[in-house]
Amino acid sequence: MVGSYPISCRRFEGKVAVVTAAASGIGQASARRLAEEGGTVIALDIDPNVKAVGDELGERYGKGEAYVMNATDRADVEARFRKIYGDHGNIDVLANVVGRTAGSKRGEFYLSEPETWDEVVDVSLKSTMLCCRQVVPAMRERRAGKIVNISSAAWMVPTPTFTDYAAAKAGVMGFSRVLAVELAPFNVNVNLICPGPITTAATDRHPDDLRAALIATIPLRRYGDPEDIAAGVAYLSSEDARFVTGHNLVISGGRAIG
C-alpha cells in the first residue's frame, strides 16, 4: 500500500525507473509507488535528503538507491546517468518531476526580472530536456521505454503572478508532445501530467489569500495529495498505457474543466 491507496499488482518487476525531485512531494510519492510495484528505483534530487528516500526504498522493497544531482547542471546530469547505465544496463522508466515557481520572487509580470525567468525556466523546463536527452538514445535503440514529464495546470488555468512558471510548464507540454511523435516509431511512450495544486512543502508556504483563491477554482474544493499524481505516473509508466503517447493527463480536482 502507498499512502492510503492499495496496490494489487507489480507492474514494474524487473524494470529500472529513474525519478527526479524525489526527496519530497510528488517525486518521493512516485518513487515509492514504482518501488511498491516491484521496480528498481533510482531517486535523484539536489536536496541531500534524497538519501533518506533511497534508504527507505532499499529497506522496504529491497531495490532502490538515491543520489544527489542538480538537474539543471548538464555535466552533473550526464555523469549521473552514465553511472546509472553503467550500474544497471538500462533505464526503462524516466519520471521528470523537477519544477519550481518563482517563490518569494513571484509577482505580476511587469515587476518581474529576467534573472528570475532564467531560474524558473531552467528548473521547470531545461531540467526535463536534459534528463530526457540522457535516456532517449538508448530507449530508441532498444525500442522500449516510458517517459513521464510533470507539467502543471498553471498554464491551463491562467493565474496572476505565475507567468514565468506557466510559460515554462507550457514548454514542457510542447516538448513532450513533439518528443512523443519522434519516438513513437521506436515504441517509446512519452506522456505528461498536469497536476493542480498539490499538498507539498512548497504549497504549505502558500499565503492564506493565495490558497483560498486557488481552492475556489477547484471543483473538489481541496488541494490534492502527492499520491494522486504518483498514481498517474505509475499508470503512464506501465504497460497498461502501452497505446497512450503524447497525452496530457490532468490531475487537478477538476480545476482545468472547460
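This write-up is about the structure you can find in this document. Since the model is a prediction, treat every value here as computed from it, not as a measurement.

1. Notes on the packing of aromatic side chains
Applying the stated criterion across every chain, the model contains 2 aromatic pairs. Its end group placed over the ring of Y67, R80 keeps NZ or CZ at 4.0 Å from the ring centre. A cation sits over an aromatic face here: R211 above Y223, 4.5 Å from the ring centre.

2. Digging into the layout of surface pockets
Taken as a whole, the largest pocket spans an internal volume of roughly 1,400 Å³. Lining of the largest pocket is provided by 46 residues; of these, G99, R100, T101, T200 and A202 occupy positions nearest its centre. Those elements that place two or more of their residues in the lining of the largest pocket are helix 1 (25-36), strand 2 (40-45), helix 5 (163-183) and helix 6 (208-215). Per-element tally for the lining of the largest pocket: the top contributor is helix 1, with 3 residues.

3. Describing the side chain of D228
Inspection of the secondary structure puts D228 in helix 7 (residues 226-237). For the buried D228, which has no salt bridge, the nearest side chain bearing the opposite charge is R222, at an N-O separation of 4.3 Å. Of note is the side chain of D228, whose polar atom sits 2.8 Å from the backbone nitrogen of D225.

4. Here we look at unusual backbone geometry
Backbone geometry at A21 places phi at a positive 55°, although glycine is not the residue there. Since its relative accessible area comes to 17%, A21 is described here as buried. Despite not being glycine, T161 has its phi angle at roughly 80°, a positive value. In this fold, T161 is placed in the loop between strand 5 (145-150) and helix 5.

5. Observations regarding the pairing of strand 4 (residues 93-96)
Because side chains alternate across strand 4, one face comprises the buried residues V93 and A95, and the other comprises L94 and N96, equally buried. Where strand 1 (residues 16-19) and strand 4 come together, 3 bridges link them in parallel fashion. Counted as the bridge partner of A17 is V93 from strand 4. Relative to strand 5, strand 4 runs parallel, the two being bridged by 4 bridges. By the bridge assignment, L94 is partnered in strand 5 with I147.

6. Re helix 5
Look at helix 5: 30 Å from first C-alpha to last across 21 residues, which is about the 30 Å you get at 1.5 Å a residue. Those residues of helix 5 not exposed but buried are D164, Y165, A166, A168, K169, V172, M173, S176, L179, A180 and L183. Those residues of helix 5 that are buried lie in contact with helix 4 (114-142), strand 5, strand 6 (188-195) and strand 7 (248-251).

7. Some words on the pattern of salt bridges
Summed over the entire model, instances satisfying the criterion amount to 13 salt bridges. In this structure, the salt-bridge partner of E37 is R33, at a minimum N-O distance of 3.0 Å. The exposure class of R33 is buried, given its relative accessible area of 11%. Between E56 and R60 there is a salt bridge; the shortest N-O distance is 3.2 Å. A residue pair is termed a helical-turn pair when its members lie 3 or 4 positions apart in one helix, as E56 and R60 do in helix 2 (residues 50-61) at 4 residues. Judged by its relative accessible area of 16%, E56 is buried. Via salt bridges that share partners, R11, R33, E37 and D240 belong to a single interconnected network.

8. Notes on the environment of L57
Relative to the elements of secondary structure, L57 occurs in helix 2. Taking the C-alpha atoms as reference points, L57 and R32, separated by 25 residues in sequence, lie 6.9 Å from one another. Once residues within four sequence positions are removed from consideration, L57 is found in contact with A31, R32, A35, V41, G62, K63 and G64.

Rules and cut-offs
- Residues numbered from 1 in each chain as written.
- Predicted model: local features only at pLDDT ≥ 70, side-chain atom pairs only at ≥ 80, totals over all residues.
- Heavy atoms only, no water.
- Phe/Tyr/Trp six-rings, centres within 6.5 Å; stacked < 30°, edge-to-face > 60°.
- Lys NZ or Arg CZ within 6 Å of the ring centre and 35° of its normal.
- 1 Å grid on protein atoms, 1.4 Å probe; cavity = no way out; pocket = protein on both sides within 12 Å on 5 of 7 lines; lining within 4 Å.
- Points joined across faces, edges and corners; volume = space filled by probe spheres on them.
- Helix = DSSP H or I, 4+ residues; strand = E, 2+ residues; numbered from the N terminus.
- Buried < 20%, exposed > 50% of the residue type's maximum accessible area, 1.4 Å probe, protein only.
- Lys, Arg positive; Asp, Glu negative; His and termini not counted.
- Salt bridge = Lys/Arg side-chain N within 4 Å of Asp/Glu carboxyl O.
- Polar contact = N/O pair within 3.5 Å; in protein donor to acceptor, adjacent residues only side chain to side chain.
- Pairing = 2+ DSSP bridges.
- Expected span 1.5 Å × (residues − 1).
- Contact = heavy atoms within 4.5 Å.

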